Amino acid sequence: SIKRGKGDLVISRDRDFDESGIFTWIYEGNKSFSHMMTTLLIMGFLFCVCFPIWPNFLKVFAWYMSVSFLLLIFFLVTVRGVLFLCVWILGYDFWFLPNLFDEQLGFIDSFKPLYSFEKTKEGQLMYRVGIAVAFFFILL
């Protein structure tokens, strides 16, 4: 029989060999890592669900870690904003960790580049003067 076109490749339960057929092997690899990660996920879930029966020192530790992380984020956002404002008044856009809140990037890429520095667009002089005056009077 003459075969026309490329043909279709489908997974079939029929294991008969056909000389004109197209065959492939599906290798899924070693499953050890997948099993280990699934076990860690289940154990982590059970560990978090059992929070009410944790010893008191672990509850205090979790509270301190949560508050420390929250304060770190608040401090970082505040410093970024104030630093941007001070440099923006001078006519430049300066961002420390400019991709920090970009949801499209991965964890490591959120910290690249460390800073960005560009000249502002024309037409913002009045805004910069107004913000500078307000900022000056707030500091007094």
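Just above sits the structure.
Definitions and cut-offs
- Residues numbered from 1 in each chain as written.
- Predicted model: local features only at pLDDT ≥ 70, side-chain atom pairs only at ≥ 80, totals over all residues.
- Heavy atoms only, no water.
- Phe/Tyr/Trp six-rings, centres within 6.5 Å; stacked < 30°, edge-to-face > 60°.
- Helix = DSSP H or I, 4+ residues; strand = E, 2+ residues; numbered from the N terminus.
- Buried < 20%, exposed > 50% of the residue type's maximum accessible area, 1.4 Å probe, protein only.
- Lys, Arg positive; Asp, Glu negative; His and termini not counted.
- Salt bridge = Lys/Arg side-chain N within 4 Å of Asp/Glu carboxyl O.

Student: Which parts of the structure should I look at to understand the packing of aromatic side chains?
Tutor: Each aromatic ring pair is characterised by the separation of its centres together with the angle its planes make. The tally for this structure, following the rule as stated, stands at nine aromatic pairs. Centre to centre, the rings of Y92 and F117 are 5.1 Å apart; their planes meet at 15°, and the pair counts as stacked. Separated by 25 residues along the polypeptide, Y92 in strand β1 (residues 92–96) and F117 in strand β2 (residues 115–119) bring together distant segments of the chain. Given the relative accessible area of 48%, F117 is considered partly exposed. Arranged with centres 6.1 Å apart and planes meeting at 65°, the rings of F94 and F117 form a pair that is edge-to-face. Taken together, the residues F94 in strand β1 and F117 in strand β2 connect sequence positions 23 residues apart. Residue F94 is classed as buried on the basis of its relative accessible area of 17%.

Student: Before we go on, may I ask you to explain the side chain of R128 in this structure?
Tutor: Position of R128 relative to the elements: it lies in helix α3 (residues 125–139). Within the buried set, R128 has no salt-bridge partner at all; the shortest N-O distance to an opposite charge, 6.9 Å, is to E122.

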